[in-house]
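# A look at the structure
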Amino acid sequence: EAGVAQSPRYKIIEKRQSVAFWCNPISGHATLYWYQQILGQGPKLLIQFQNNGVVDDSQLPKDRFSAERLKGVDSTLKIQPAKLEDSAVYLCASSRLGDVAYNEQFFGPGTRLTVL
Amino acid sequence: AQSVTQLGSHVSVSEGALVLLRCNYSSSVPPYLFWYVQYPNQGLQLLLKYTSAATLVKGINGFEAEFKKSETSFHLTKPSAHMSDAAEYFCAVSDEGGYNKLIFGAGTRLAVHP
């Protein structure tokens, strides 16, 4: 089966610009996650969707970050305006359901964002 | 709050030597525990997981980990390192709030030299 797809793979922007990332999860996976991985740190969950509804966005900086999952399939994550500290790899993952014990999360290759 | 500590941000071993990557967790309830591997420019891949069955868990590529409740540890081992094991390894614990969220450690980069 095809894996989680993400685009673009790399993006360089100036601070205060906006940027969007796209994720296509594995077919049939109801749960979709966006993680932020800052250099030297582990991934941190930004937002979790179950179908097209938000389950957890407690760590999403809502003043500048937004995400949507239209029709419960593809998802986009947007940053507007970007700050220097947003430089990171943004990982998308999907799983059949949300219980982590019985539903493996499959990760995409990530989008590496550099904010200058 | 849940947390995961990985001792040693960098570990270097010789090919054929034992690999030991350390992970300690803090949790007030029995957690689920995971090890992931990340190769350069790739996403994370699940190596193995502990979900309250056997305390010694075997994973892919010859890795295994042992859950020790008394030590709040879940160290990852492999008897004999291979060059292809060079990667970054992340330990993760399930969130106390509902087992729908993973909390990751900072990662350990494993180097394998000839």
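The structure displayed is predicted, hence computed values, not measured ones. (Residues numbered from 1 in each chain as written. Chains lettered and ligands numbered in written order. Predicted model: local features only at pLDDT ≥ 70, side-chain atom pairs only at ≥ 80, totals over all residues. Heavy atoms only, no water.)

## Some points on the overall build of chain A
If you tally the helices and strands in chain A, you get zero helices and eleven strands. Listing every helix and strand of chain A by position from the N terminus yields β-β-β-β-β-β-β-β-β-β-β. Relative to the compact-globule value of 13 Å for 116 residues, chain A shows a C-alpha radius of gyration of 13 Å, a close match. Referenced to the eigenvectors of the C-alpha coordinate spread, the extents of chain A come out at roughly 40 × 25 × 25 Å. When each of the 116 residues of chain A is scored for burial, the buried share is 47%. The contacts in chain A between residues at least 6 apart in sequence include a share of 54% that link residues at least 24 apart. Across chain A, the centroid of the 13 positively charged side chains sits 6 Å from that of the 11 negatively charged ones. (Helix = DSSP H or I, 4+ residues; strand = E, 2+ residues; numbered from the N terminus. Rg over C-alpha atoms; globule rule 2.2 N^0.38 Å. Buried < 20%, exposed > 50% of the residue type's maximum accessible area, 1.4 Å probe, protein only. Contact = heavy atoms within 4.5 Å. Lys, Arg positive; Asp, Glu negative; His and termini not counted. Charge placed at Lys NZ, Arg CZ, Asp CG, Glu CD.)

## Looking at the nonpolar core
Formed by 27 residues in total, the largest nonpolar core has its most connected members in B:Trp35, B:Leu48, B:Phe74, B:Leu76 and B:Tyr89. Counting residues per element, the ones that place at least two in this core are β2 (10-14), β3 (19-21), β5 (33-38), β6 (44-50), β8 (64-68), β9 (73-78), β10 (87-94) and β12 (108-113) of chain B. Element by element, the count of residues in this core is highest for β10(B), at four residues. The residues touching B:Leu48, leaving out its near neighbours within four places in the chain, are B:Leu33, B:Phe34, B:Trp35, B:Val57, B:Lys58, B:Gly59, B:Phe63, B:Glu64, B:Ala65, B:Phe74 and B:Leu76. Listed in part, the 21 residues of the second largest apolar core include A:Ile13, A:Leu32, A:Trp34 and A:Ala88. (Core = buried A, V, L, I, M, F, W, Y, C linked by side-chain atoms within 4.5 Å.)

## Topic: the sheet that holds strand β1 (residues 5-7) of chain A
Strands in a sheet are paired, the pairing made by backbone hydrogen bonds, and the direction either parallel or antiparallel. All names here are of chain A. Here four strands make up an open sheet; going across it, the order is β1-β3-β8-β7 and the pairing antiparallel. Either end of the sheet is taken by a strand with one partner, and the two such strands are β1 and β7 (65-68). Direction aside, neighbouring strands of the sheet carry axes that sit 15° apart on average. Both β7 and strand β8 (residues 75-79) contribute to a ladder of four bridges, which runs antiparallel. Bridged to Glu68 within β8 is Thr76. (Pairing = 2+ DSSP bridges. Axes fitted to C-alpha atoms, helices over the stretch in contact; angles between N-to-C directions.)

## As for unusual backbone geometry
Residues and elements named next belong to chain A. With an omega of -10°, the peptide bond running from Ser7 to Pro8 counts as cis. Position of Pro8 relative to the elements: it lies in the loop between β1 and β2 (10-13). A positive phi is found at Arg16, a non-glycine position, where the angle reads about 80°. Inspection of the secondary structure assignment puts Arg16 in the loop between β2 and β3 (19-24). Classification of Arg16 by relative accessible area gives exposed; the value is 64%.

## Quick look at the pairing of strand β4 (residues 31-37) of chain A
Residue and element names in this part refer to chain A. A large share of β4 lies buried, amounting to seven of its seven residues. Neither face of β4 is open: one carries Thr31, Tyr33, Tyr35 and Gln37, the other Leu32, Trp34 and Gln36, and all of them are buried. Examined bridge by bridge, β4 and strand β5 (residues 44-50) share six bridges and lie antiparallel to one another. Directly across from Leu32, in β5, lies its bridge partner Phe49. Where β4 folds back on β5, the antiparallel hairpin that results is connected by six residues, among which Gly40 adopts a positive phi of roughly 85°. Where β4 lies against strand β9 (residues 88-95), seven bridges are found, and the strand directions are antiparallel. The partner of Gln36 across the bridge, within β9, is Tyr90.

## Digging into the pattern of salt bridges
All names here are of chain B. As enumerated under the stated definition, the model contains six salt bridges over all chains in all. One salt bridge connects Arg109 with Glu88, and the closest N-O pair in it is separated by 2.9 Å. Here Arg109, found in strand β12, pairs with Glu88, found in strand β10; they are 21 residues apart in sequence, far enough to count as distant. For Glu88, a relative accessible area of 13% corresponds to the buried category. (Salt bridge = Lys/Arg side-chain N within 4 Å of Asp/Glu carboxyl O.)

From the geometry alone we can't say anything about function, so treat these as descriptive.
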